[in-house]
Amino acid sequence: MIKQPLLFKDYQEGLAKGELLGVFCDKCHNFSFHTSVYCNHCGSTGLSAKPYDTTGVIRTFTVIRVAAEGRNAPFIVALVLGNSGIHMMGNLEGIDPDSASMGLIGKKVKISGKKTLPDRFSPKVEQCLVFSLED
Amino acid sequence: MREVAIAGVAMTRFGVSEKTCIEMFCEAACLALEESKLEPKNIEALFLGNCLGDFEEGQAHMAAHVHTAIGLPMGSPALRFENACATATVAIRQAALLVGSGVYDVVLAGGTERVAAMDTPLATRTFAMASHSGYSAPTGITFPGVFAMAAHMYADKYKIDIRELQECMAHVSVKNHFHAAMNPKAQFQKEISVQKVLDSFMVADPLHFLDCCPFSDGASAVVITTKQKALQMTDKPVFIIGTGQAAGGPVINNPDMTRIKPREVAAAQAYKQAGVTPFDIDLCELHDCFTIAEILAIEGLGFYEFGKGYDAAKNGETRLGSKKAVINPSGGLKAKGHPIGATGAAQVTEIVEQLRGLSGKRQVKGAKTGFVDTLGGEFGTVCNLILRSHP
């Protein structure tokens with residue numbers, strides 16, 4: 001039987017402990033998207049959960065100024081290319097959203113997790129990625 | 001495969017409606033049946049697009065209730081489709097595939113949505129449900145936010161000053177409002193200026209309020225049948241000569257946001273089946289949920305090279321009267337409105353009416369071949385149709 005290498009529950013529990021778990025292919029040595037059962041690169045089923053490097057580079061970002069219910073704007077969402085080769089979406093924290101500019105693209109960040117805000121539609125989603133600029 | 005045609009199309013006026021989703025779809029369906037000289041007993045299946053009825057009206061399982069309201073035969077199945085904003089186009093494509101393959105002869109397809117029944121915070125939250133709930137949504141990402149990130153990446157990749165890109169995006173909005181001002185079914189039938197777009201408040205940097213489509217109520221219905229039967233129903237059938245659909249998952253798995261790969265795959269399928277190229281397309285209704293989305297689409301569909309389409313609206317190349325493909329002559333999602341589950345059927349309605357020469361002041365002269373492009377979610381679904389007029 002094909003195994004599911006990383007359940008969302010385990011990803012969240014890892015993040016709560018400061019560990020960023022991804023799905024790694026033992027055959028071609030690439031990471032695939034978290035939910036993958038088959039390797040995104042070579043199609044192998046030899047996948048297992050493995051921690052990512054917790055650094056990366058900002059590819060793009062936005063400042064959300066009209067938020068969904070339960071959120072207070074403004075805040076920054078960024079797309080980061082992790083050094084392990086996987087993209088991830090998270091909140092860029094530690095800077096004033098009003099100071100965000102195109103100069104953020106290409107900046108190096110550290111990746112960690114935080115507890116999400118309560119959401120009536122996603123009660124089991126408990127962790128969110130956070131990016132902070134490296135000095 | 002049998003040749004597939006559209007016999008009748010209809011849409012409600014988009015905007016804010018006092019009618020329910022079911023009532024709006026009935027309005028459109030009855031008009032489409034009338035145009036096709038059909039009665040409910042002639043419909044062999046109902047493919048109903050609806051994304052958020054559960055949140056808008058507390059109404060799940062909507063297709064079965066629409067079935068009763070229209071009075072379709074019990075033996076004609078009713079299915080609800082949900083593929084985010086691409087919903088109705090997917091429903092129409094499935095109808096075309098099943099008619100083409102001989103399973104059904106006559107299918108009623110389309111969609112209905114009542115987004116304006118929700119307040120902005122709830123509507124924003126429910127739209128964001130099309131993002132990955134575990135890996136994207138916890139960030140508070142919104143749909144304007146997804147396309148705002150695409151705009152920043154576009155500016156960075158092609159070395160365009162962000163203020164220049166914002167001005168070019170504003171021209172997309174101005175052009176689509178210009179078209180919608182001639183469309184009696186559009187939500188916003190008025191022109192706007194570039195300055196008004198740039199002066200509107202920021203929704204998600206760098207997208208201003210007037211870069212964004214509105215929340216809309218509306219419905220649209222399409223009768224899909226065989227060529228042979230269509231010729232008995234109307235003297236102006238429109239043929240579905242090519243279709244394509246592709247899936248892409250969450251945006252973090254498709255991270256070059258300037259290249260929506262499922263669109264490139266779906267469009268290639270449709271062009272190949274139709275035996276045409278982007279140069280053969282006279283007009284296109286495409287997914288301009290945000291102004292940057294139109295720029296990405298005209299490039300992804302092959303009308304412009306990548307990185308070269310951003311100033312097409314500013315240069316007047318996509319406007320009515322252009323020698324190139326006219327983009328969103330209906331006013332697009334931006335100005336005609338975007339009741340998400342109905343949008344694709346309304347795009348088809350516009351193309352069909354254009355190919356029949358029935359679009360009045362906004363008629364694209366000599367239009368013979370039209371393209372429909374609808375994108376769902378954070379680039380997870382793209383569905384394309386190519387339509388051609390009766391010779």
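A quick note: this is a predicted structure, and the numbers were derived from the prediction, not measured. (Residues numbered from 1 in each chain as written. Chains lettered and ligands numbered in written order. Predicted model: local features only at pLDDT ≥ 70, side-chain atom pairs only at ≥ 80, totals over all residues.)

Attention shifts here to the overall build of chain B. Regarding its fold elements, chain B presents 13 helices and 12 strands. Against the 2.2 N^0.38 benchmark of 21 Å for 391 residues, chain B shows a C-alpha radius of gyration of 19 Å, consistent with a compact globule. Based on the C-alpha atoms only, the size of chain B along its principal axes is roughly 55 × 45 × 40 Å. Looking at chain B as a whole, 65% of its 391 residues qualify as buried. Excluding contacts between residues fewer than 6 apart, the proportion of contacts in chain B whose partners are at least 24 apart in sequence is 78%. (Helix = DSSP H or I, 4+ residues; strand = E, 2+ residues; numbered from the N terminus. Rg over C-alpha atoms; globule rule 2.2 N^0.38 Å. Buried ≥ 20, exposed ≤ 12 C-beta atoms within 10 Å, placed from the backbone. Contact = placed C-beta atoms within 7 Å.)

Our focus in this paragraph is the domain arrangement of chain A. All names here are of chain A. You can read the domains of chain A as domain 1 (8-51) and domain 2 (55-133). Of note, the centres of domain 1 and domain 2, computed from C-alpha atoms alone, are 21 Å apart. Each partner contributes to the interface: domain 1 provides 8 residues, whereas domain 2 provides 8 residues. For the side of domain 1 that touches domain 2, the element with the highest residue contribution is helix H1 (residues 8-16), accounting for 3 residues. (Domains from an automatic or database assignment.)

With that settled, the discussion passes to the sheet that holds strand E3 (residues 47-51) of chain A. All names here are of chain A. Strand order in this open sheet of 3 strands is E2-E1-E3, and the pairing throughout is antiparallel. Taken across any chain shown, the strands that pair with only one partner, and hence form the sheet edges, are strand E2 (31-32) and E3. Direction of pairing for strand E1 (residues 21-25) relative to E3: antiparallel, over a ladder of 5 bridges. Considered in E3, the bridge of glycine 22 is made with lysine 50. (Pairing = 2+ DSSP bridges.)

With that settled, consider the interface of chain A and chain B. Facing 32 residues of chain A, the contacting portion of chain B comprises 33 residues. A class-by-class count of the residues in the side of chain A that touches chain B yields 19 nonpolar, 9 polar and 4 charged. (Nonpolar A, V, L, I, M, F, W, Y, C, P; charged D, E, K, R; others polar.)

Our focus in this paragraph is the packing of helix H7 (residues 162-180) of chain B against helix H11 (residues 291-300) of chain B. In a packed pair of helices, the relevant descriptors are the angle between the two axes and the axis-to-axis distance. Residues and elements named next belong to chain B. Interaxial distance between H7 and H11 falls to 8 Å at its minimum, and their mutual angle equals 95°. As judged from the angle between their axes, H7 and H11 are roughly perpendicular. Listed contacts from H11 to Met169, Val172 and Ser173 of H7 are Thr291, Ile292, Glu294 and Ile295. By residue class, the composition of the contact of H7 with H11 is 4 nonpolar, 2 polar and 1 charged. (Axes fitted to C-alpha atoms, helices over the stretch in contact; angles between N-to-C directions. Parallel < 35°, antiparallel > 145°, perpendicular 65-115°, else oblique.)

Right, let's talk about the sheet that holds strand E7 (residues 217-226) of chain B for a bit. The pairing of strands in a sheet happens through backbone hydrogen bonds and is either parallel or antiparallel. All names here are of chain B. Read across the sheet, 10 strands follow the order E3-E2-E4-E7-E1-E8-E12-E11-E9-E10 without closing on themselves; strand pairing throughout is mixed. Strand pairing shows two members of the sheet lacking a second neighbour, strand E3 (78-81) and strand E10 (326-327), which therefore form its edges. Here strand E2 (residues 45-49) pairs with strand E4 (residues 106-114) via 5 bridges, running parallel. If you follow glycine 49 over to E4, its bridge partner there is glycine 111. Here helix H4 (residues 87-100) sits on the sheet and contacts strand E1 (4-11), E2, E3, E4, E7, strand E8 (238-247), strand E11 (369-376) and strand E12 (381-389); the angle it forms with E4, its principal contact strand, is near 175°. The sheet strands contacting helix H13 (residues 343-355) are E1, E2, E4, E7, E8, strand E9 (283-285), E11 and E12, and the helix crosses E11 at an angle near 170°.

This next bit is on the pairing of strand E5 (residues 75-82) of chain A. A regular strand places its side chains on the two faces of the sheet in alternate fashion. All names here are of chain A. Burial analysis of E5 places 6 of its 8 residues in the buried class, which makes it a mostly covered element. Relative to strand E6 (residues 87-93), E5 runs antiparallel, the two being bridged by 6 bridges. Bridge assignment links alanine 78 to a residue of E6, and that residue is glycine 90. Once E5 ends, the chain turns through 4 residues before running back antiparallel as E6, passing glycine 85 with a positive phi of about 100°.

With that out of the way, let us pick up H7(B). Residues lying three or four places apart along an α-helix face the same way, a consequence of the helix completing one turn every 3.6 residues. End to end, H7(B) covers 27 Å across 19 residues, agreeing with the expected 27 Å (1.5 Å per residue, within 8%). Burial of H7(B) is extensive: 14 of the 19 residues sit out of reach of the surface. (Expected span 1.5 Å × (residues − 1).)

On to the environment of B:Leu31, then. Residues and elements named next belong to chain B. Take leucine 31: it is sitting in helix H1 (residues 21-35). In this structure leucine 31 comes out as partly exposed when scored by C-beta crowding, with 17 C-beta atoms within 10 Å. Along the sequence, leucine 31 and leucine 358 sit 327 residues apart, while their C-alpha atoms lie 16 Å from each other.

Right, let's get into the nonpolar core. Buried together is how nonpolar side chains tend to be arranged in soluble globular proteins. All names here are of chain B. One finds Phe25, Ile92, Phe147, Val222 and Ile224 to be the most contacted residues of the largest nonpolar core, which totals 172 residues. The leading source of residues in this core is helix H6 (residues 143-157), at 10 residues. With sequence-adjacent residues up to four places away left out, isoleucine 92 is seen in contact with Ala109, Val222, Ile224, Gly344, Ala345, Val348 and Leu385. Counting 5 residues, the second largest nonpolar core, distinct from the first, contains Phe14, Ala180, Ala186 and Phe188. (Core = buried A, V, L, I, M, F, W, Y, C linked by C-beta atoms within 7 Å.)

Following A:Ala73, the chain continues into A:Pro74 via a peptide bond in cis, with omega recorded as 0°. When you line up the elements, A:Pro74 lands in the loop between strand E4 (55-64) and E5. For the bond from B:Asp205 to B:Pro206, the omega torsion is 10°, close enough to zero to count as cis. Among the secondary structure elements, B:Pro206 is positioned in the loop between strand E5 (202-204) and strand E6 (207-208). If you check the backbone angles, B:Ala84 has positive phi at about 50° while not being a glycine. Residue B:Ala84 is classed as buried on the basis of its C-beta count, with 22 C-beta atoms lying within 10 Å. Positive phi, close to 55°, is recorded for B:Asn328, a residue that is not glycine.

Residue and element names in this part refer to chain B. Most of H11 is tucked away: 10 of the 10 residues are buried. Residues of H11 that are buried: Thr291, Ile292, Ala293, Glu294, Ile295, Leu296, Ala297, Ile298, Glu299 and Gly300. On its buried side, H11 packs onto H6, H7, helix H10 (261-274), E10, helix H12 (332-336) and E11. Glycine 302, located one to two residues past H11, shows a positive phi value of around 95°.

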